[in-house]
Amino acid sequence: MNWRKLLLPFSLVWWIITGTRNTMYSAGILPSKKFNKPIIVIGNLSVGGTGKSPHVMHVLDILRNFYSVASLSRGYGRRTKGFRVANYDSTASEMGDEPMQFFNRFKNRIIVAVGEDRVQSIKELFKLFRLDAVVLDDAFQHRKLKSDMNIVLTDYSHRYTKDYLLPAGNLRESRRNAKRAQIIIVTKCPDDLPEEEKKQIRKELKPTPKQHIFFSRVKYADQLEHREFPISLEKSRHMNVLSITGIASPQPFIDYLKANFNQVRELNFPDHYVFKEDDVRDIVTAFNQIEGEKIILTTEKDYMRLRHEYSIVDNLYYLPISIEIDKEEEFNHLIFSYVQSFRSGN
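Notes on the structure in this doc start here.

Calculation criteria
Residues numbered from 1 in each chain as written. Predicted model: local features only at pLDDT ≥ 70, side-chain atom pairs only at ≥ 80, totals over all residues. Heavy atoms only, no water. Core = buried A, V, L, I, M, F, W, Y, C linked by side-chain atoms within 4.5 Å. Buried < 20%, exposed > 50% of the residue type's maximum accessible area, 1.4 Å probe, protein only. Helix = DSSP H or I, 4+ residues; strand = E, 2+ residues; numbered from the N terminus. Contact = heavy atoms within 4.5 Å. Polar contact = N/O pair within 3.5 Å; in protein donor to acceptor, adjacent residues only side chain to side chain. Patch = residues over 30% accessible without salt bridge, like charges linked within 9 Å, V, L, I, M, F, W, Y side chains within 5 Å. Areas by Shrake-Rupley, 256 points an atom, 1.4 Å probe, with all protein chains shown as cover. Salt bridge = Lys/Arg side-chain N within 4 Å of Asp/Glu carboxyl O. Phe/Tyr/Trp six-rings, centres within 6.5 Å; stacked < 30°, edge-to-face > 60°. Lys NZ or Arg CZ within 6 Å of the ring centre and 35° of its normal. Pairing = 2+ DSSP bridges. Axes fitted to C-alpha atoms, helices over the stretch in contact; angles between N-to-C directions.

Quick look at the nonpolar core
Thinking step 1. In terms of nonpolar packing, the biggest core is built from 53 residues, with I40, I151 and F331 touching the most fellow members.
Thinking step 2. Among the elements that take part in this core, helix 2 (residues 52-64) stands out by supplying 6 residues, more than any other.
Thinking step 3. Beyond its immediate chain neighbours, meaning those up to four positions away, I40 contacts V59, L63, V134, V135, L136, S147, M149, I151, I335, Y338 and V339.
Thinking step 4. The next biggest cluster of nonpolar side chains, apart from the first, holds 32 residues, and it includes L125, F140, Y156 and A181.

Structure follows, in structure tokens:
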């Protein structure tokens, strides 16, 4: 990080550009579209790695039993353009890995869509489906859309309060823009985060009186999923694992595997990596070099891009994750109250 501080003069240019843009939206010089139905925006100030996908799924899971809800993503890394709705024939190359992760998790219990133009895509969703709410993935900087429920995530180990604007740091916009959020969640917290440390972090984040701060932690499933033959974590601890990751922050996943399996060999790729034939051959070669009872284990998001590679699929498993939020009842109440306010005409 230290060498990147040499780029601070360029960060000043970025600050001027993003600051001017945000000021023009806030002042109404540039128009923002507000819908007459609840739009929940989940995003961050930094470039990737805060755990947006499991938090989007968490909010979808809260709402899906009571409301007709859709998720909308840009569809990062897909080979298609424009508005699309996921179905059972969709692939990660058509929709993006994260939308397919949502569809794989919820199937037909929610609508999963992608589209670069968020405003137009929401219009399409409301035209095609009778929806009560739309949850947007990674749209906090999409100021053409106005929402009264913005959820900003910040990684416990890399909080935006200790970061810098691009390119000297990883922030897309100034820290002060966190004030636009109604909820701030500190993600990837240790399981035993003391209340005193939470208090210090709240003080560091300097929330406004109307902002709510929560802390979340990652919870790994107790079953390894497979296209046909899932196995429990408890019955697979003796196995040797080839770990395949193509996510922004793979280390916590790898650390968890090393703590729960016999031996772990890693093959790490960039975030949203599109696996090629040569990569699959390398995976097969690495797997064949591992002795004993063994499996290939990846994240749920990476599985969406790897599951059609038939040379490895028989041995390919993924480990689902979810999140737990402190003060769960308060968080749920905020989400439900926001959605319900539109039904009551407020």
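Observations concerning the side chain of R78
Thinking step 1. With respect to the element layout, R78 can be found in the loop between strand 3 (69-73) and strand 4 (84-85).
Thinking step 2. On the basis of relative accessibility, which here comes to 10%, the residue R78 falls in the buried class.
Thinking step 3. One polar contact links the side chain of R78 to the main-chain carbonyl oxygen of R74, over a distance of 3.3 Å.
Thinking step 4. Within the local environment of R78, its side chain forms a polar contact with the backbone oxygen of G82, the two atoms lying 2.8 Å apart.

Digging into unusual backbone geometry
Thinking step 1. L166 connects to P167 through a cis peptide bond whose omega is 0 degrees.
Thinking step 2. Its place among the elements puts P167 in the loop between strand 8 (149-155) and strand 9 (183-187).
Thinking step 3. Although it is not a glycine, K206 adopts a positive phi angle of roughly 50 degrees.
Thinking step 4. Relative to the assigned elements, K206 resides in the loop between helix 6 (195-205) and strand 10 (212-220).
Thinking step 5. The backbone of K327 shows a phi angle near 50 degrees, a positive value even though the residue is not glycine.
Thinking step 6. The topology assignment puts K327 in the loop between strand 17 (321-325) and helix 10 (328-343).

Some words on a nonpolar patch on the surface
Thinking step 1. Taken together, the side chains of L12, W15 and I16 define a hydrophobic patch exposed on the protein surface, amounting to about 290 Å² of accessible area.
Thinking step 2. Looking at where W15 falls in the secondary structure, it is placed in helix 1 (residues 8-26).
Thinking step 3. Classification of W15 by relative accessible area gives partly exposed; the value is 38%.

Description of the packing of aromatic side chains
Each aromatic ring pair is described using two quantities: the centre-to-centre distance and the angle formed by the ring planes.
Thinking step 1. Scanning all chains against the criterion turns up 11 aromatic pairs.
Thinking step 2. Where F269 meets Y273, the ring centres are 5.0 Å apart and the plane angle is 25 degrees; that geometry is what we call stacked. Comparing F269 with Y273 shows no difference in burial state: the two are buried.
Thinking step 3. Ring centres of F269 and F275 lie 5.0 Å apart, and the angle between their planes is 75 degrees; on these two criteria the pair is classed as edge-to-face. Residue F269 shares its accessibility class with F275, and that shared class is buried.
Thinking step 4. Cluster of aromatic residues (ring-pair linked, three or more members): F66, Y67 and F336.
Thinking step 5. The cationic tip of R159 hangs over the ring face of Y156; the distance from NZ or CZ to the ring centre is 5.6 Å.
Thinking step 6. Positioned above the aromatic ring of F214 is the side chain of K327, whose terminal nitrogen or guanidinium carbon lies 5.2 Å from the ring centre.

Some details on the side chain of Q141
Thinking step 1. Tracing the chain through its elements places Q141 in the loop between strand 6 (133-137) and strand 7 (145-146).
Thinking step 2. A polar contact is formed between the side chain of Q141 and the side chain of E173, at a distance of 2.6 Å.
Thinking step 3. Q141 has contacts with R21, N44, L45, R172, E173 and R180, leaving out every residue within four places of it along the chain.

Quick word on the sheet that holds strand 13 (residues 240-245)
Thinking step 1. Spatially, 14-13-15-16 is the arrangement adopted by the 4 strands of the open sheet, whose pairing is parallel. Edge strands, defined here as strands with exactly one partner in the open sheet, are strand 14 (263-268) and strand 16 (316-319). The average angle at which neighbouring strand axes cross in this sheet is 30 degrees, direction not considered.
Thinking step 2. Of the strand pairs in this sheet, strand 13 and strand 14 are connected by 6 bridges, and their pairing is parallel. Paired with S243 across the bridge in strand 14 is E266.
Thinking step 3. In the packing of helix 8 (residues 277-288) onto the sheet, the strands contacted are strand 13, strand 14 and strand 15 (294-299), and the crossing angle to strand 15 comes to about 140 degrees.

Examining the pairing of strand 13
Thinking step 1. Judged by how many residues are buried, strand 13 sits mostly within the fold: 6 of 6 residues are covered.
Thinking step 2. Because side chains alternate across strand 13, one face comprises the buried residues N240, L242 and I244, and the other comprises V241, S243 and T245, equally buried.
Thinking step 3. Here strand 13 runs beside strand 15; their pairing, made up of 5 bridges, is parallel. Counted as the bridge partner of S243 is L297 from strand 15.

In short, geometric facts, not functional conclusions.
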